Amino acid sequence: MSTGRFGVPAGVTDWAIAVGVAAALLVTGLSGQHSAARLDLLGYALLAAGGLALAARRRAPVPVLAVTGLCAAGYQAAGFDVPAVAYLFAVYAAVRAGHRTVTVAVSIAMLAVLPLAALASGLHDTGEAFAQARGALELAWLVAAGAAGEALRQAERRADEAERTREETARRRADEERLHIARELHDSLTHQISIIKVQAEVAVHVARKRGEPVPEALLAIQEAGREATRELRATLEALRDDDTSPPRGLDDVAELVERARTTGLDATLTIGGQRHDVPAAVDRTVYRIVQESLTNVARHAAAATASVRIDYRPDALAVRIDDDGRATPDTAPPPGVGLLGMRERVTALGGRLRAAPREEGGFTVQAELPVDRTS
């Protein structure tokens, strides 16, 4: 349940206002002059109904506007000279909700109906009836109520806009911090790791050239240096993945598959469906999914073959990567950082991701990303 400015539930506030207005109308009606005793019960009922209807002014502002207007005309016709206070509250609520045209139209109708209702009560002649109606519903009060509702609506809209601006600012700062981290990593780690890698490779080369056995520890350092370089390059690429870097998308997936073939992996690419334009975020996400999947296949799967399939559907883009590696349902590998990042990308776009071992052996990654082609 939504709450007001002071933490009070909005429903409680609405009912408190409705009961208060109904009570004020009834007290005014009891102390005023009536035209016929047989209409007293009807008049009191309309006074109460007009006030209590305000409890629904947030949920249904236009119906409440109509109900309070009819009640005001009704108790005027029944002989109750009571100002249309509930109707003013309804005008405020309707304008606040953005129903300005309807509010103006109904108010003009009320200005015409109320004199007739006062005339029908039998308490006034024609002149008095119009004077009484003007007293009950002065145009200035209508304008004031409408202006108050419109002012609050504009204030709420500005507050919403300010909230969106804060979110965009926070997101931009996060992107800037991500790039800063990437630069720091590049400056502090790449150079040192490169030195370790080069020194290890030189030592291995010299030992082999002399015909000396290469220590296992040195070979391990050499391989660790190569792996660390690859991991760091991939991490930096992900951290720098923003609008300032050259965009990579579906058109570059074939290059990924070809690159995988150069490592000895029998990789294939299949594209199905009628190709159509997709949002840039979906375009880049599919590229990253294929890139991460093929990288994992090459590093961890010990697979001989891998297949990439992209299906264009009317309302979605589906991608699937399968391999025949050593993964089985009984030996599912723990999710790594790459898989978690992949899932976050897909979830952020409202899509679905499945990454799990296949029954026949190997691993599969399936993603389905919604495509709004009307935007």
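Here the structure is a predicted model, which is why all the values come from computation and not from measurement. (Residues numbered from 1 in each chain as written. Predicted model: local features only at pLDDT ≥ 70, side-chain atom pairs only at ≥ 80, totals over all residues. Heavy atoms only, no water.)

Draft legend 1. Examining empty space enclosed by the protein more closely. Tallying each qualifying case throughout the model produces one cavity of 30 Å³ or more. Of the voids in this model, the largest cavity is the one considered here, and its volume is about 40 Å³. Every residue along the wall of the largest cavity is listed here: Leu250, Val253, Leu269, Ile271, Arg275, Ile310 and Tyr312. Among the secondary structure elements, those contributing two or more residues to the lining of the largest cavity are strand S1 (266-272) and strand S2 (305-312). Its residues assigned to classes, the lining of the largest cavity comprises six nonpolar, no polar and one charged. (1 Å grid on protein atoms, 1.4 Å probe; cavity = no way out; pocket = protein on both sides within 12 Å on 5 of 7 lines; lining within 4 Å. Points joined across faces, edges and corners; volume = space filled by probe spheres on them. Helix = DSSP H or I, 4+ residues; strand = E, 2+ residues; numbered from the N terminus. Nonpolar A, V, L, I, M, F, W, Y, C, P; charged D, E, K, R; others polar.)

Draft legend 2. A look at a nonpolar patch on the surface. There is a patch of nonpolar side chains on the surface, built from Trp15, Val19 and Leu52 and spanning about 290 Å² of accessible area. Take Trp15: it is sitting in helix H1 (residues 10-31). Residue classification places Trp15 among the partly exposed residues on the basis of a relative accessible area of 48%. (Patch = residues over 30% accessible without salt bridge, like charges linked within 9 Å, V, L, I, M, F, W, Y side chains within 5 Å. Areas by Shrake-Rupley, 256 points an atom, 1.4 Å probe, with all protein chains shown as cover. Salt bridge = Lys/Arg side-chain N within 4 Å of Asp/Glu carboxyl O. Buried < 20%, exposed > 50% of the residue type's maximum accessible area, 1.4 Å probe, protein only.)

Draft legend 3. A look at the nonpolar core. Ranked by internal contacts, the top residues of the largest apolar core, which has 35 residues, are Val286, Val290, Leu294 and Leu317. The set of elements that each furnish at least two residues to this core consists of helix H9 (253-262), helix H10 (280-301), S2, strand S3 (316-323), helix H11 (337-348), strand S4 (352-357) and strand S5 (363-370). Considering every element that reaches this core, the biggest residue donor is H10, with eight residues. Residue contacts for Leu294: discarding those within four places in its chain leaves Leu256, Val257, Ala260, Ala306, Val308 and Ile321. (Core = buried A, V, L, I, M, F, W, Y, C linked by side-chain atoms within 4.5 Å. Contact = heavy atoms within 4.5 Å.)

Draft legend 4. Here's a closer look at the pattern of salt bridges. Counting across every chain of the model gives 10 salt bridges. The partner of Asp14 in a salt bridge is Arg58, with the nearest N and O atoms 2.8 Å apart. Taken together, the residues Asp14 in helix H1 and Arg58 in the loop between helix H2 (40-52) and helix H3 (61-77) connect sequence positions 44 residues apart. Among the residues examined, Asp14 registers a relative accessible area of 3% and is labelled buried. For Glu360, the salt bridge is made with Arg358, and the minimal N-O distance between the two is 3.3 Å.

Draft legend 5. Layout of the packing of H1 against H2. In the contact formed by H1 and H2, the axes pass within 7 Å of each other and the chain directions differ by 155°. The angle between H1 and H2 falls in the class roughly antiparallel. Judged by the twist between their axes, the crossing of H1 over H2 is right-handed. Of the residues in H2, those touching H1 at Trp15, Ala18, Val19, Val21, Ala22, Leu25, Leu26, Gly29 and Leu30 are Tyr44, Leu47, Ala48, Gly51 and Leu52. Grouping the constituent residues of the contact of H1 with H2 by class yields 12 nonpolar, two polar and no charged. (Axes fitted to C-alpha atoms, helices over the stretch in contact; angles between N-to-C directions. Parallel < 35°, antiparallel > 145°, perpendicular 65-115°, else oblique. Left-handed = near helix turned anticlockwise from the far one by under 90°.)

Draft legend 6. Region of interest: the sheet that holds S5. If you trace the five strands from one edge of the open sheet to the other, you get S1-S2-S3-S5-S4, paired in mixed fashion. The sheet is open, and its two edges are formed by S1 and S4, each paired on a single side. Within the sheet, the average angular offset between the axes of one strand and its neighbour, ignoring direction, is 10°. Bridge analysis of S1 against S2 gives seven bridges, and the strand direction is parallel. In the strand pairing of S2, Ile271 is matched with Ile310. Along the sheet face, H9 touches S1 and S2 and points at about 160° away from the line of S1. (Pairing = 2+ DSSP bridges.)

Draft legend 7. Local environment of H9. For H9, the set of buried residues is Val253, Leu256, Val257 and Ala260. What you see down the axis of H9 is that its buried residues fit within an arc of 95°, all on one side. Elements in contact with the buried residues of H9: S1, H10 and S2. In the stretch just after H9, Gly264 is the one whose phi turns positive, near 100°. (Arc of directions from axis to C-beta.)

Draft legend 8. Summary view of the environment of Leu219. Structurally, Leu219 can be placed in helix H8 (residues 216-239). For the pair Leu219 and Ala200, spaced 19 residues apart in the sequence, the C-alpha separation amounts to 7.7 Å. Sequence-distant contacts of Leu219, defined by excluding residues within four places in its chain, comprise Val204, Arg208 and Val214.

Draft legend 9. Molecular detail of H10. Taking 1.5 Å of rise per residue, the 22 residues of H10 would be expected to cover 32 Å, and the 30 Å separating its terminal C-alpha atoms lies within 8% of that figure. Positioned one or two residues after H10, Ala302 has a phi angle of 55°, which is positive. (Expected span 1.5 Å × (residues − 1).)

Draft legend 10. Seen up close, the pairing of S2. The handedness of the S1 to S2 crossover, carried by H10, is left-handed. Here S2 pairs with S3 via seven bridges, running antiparallel. In the strand pairing of S3, Asp311 is matched with Ala318. Turn length for the S2-S3 hairpin, with the two strands adjacent in sequence and antiparallel, is three residues. (Right-handed = clockwise from strand over helix to strand, strands pointing away.)

Read these as layout, nothing more, since geometry by itself doesn't imply function.
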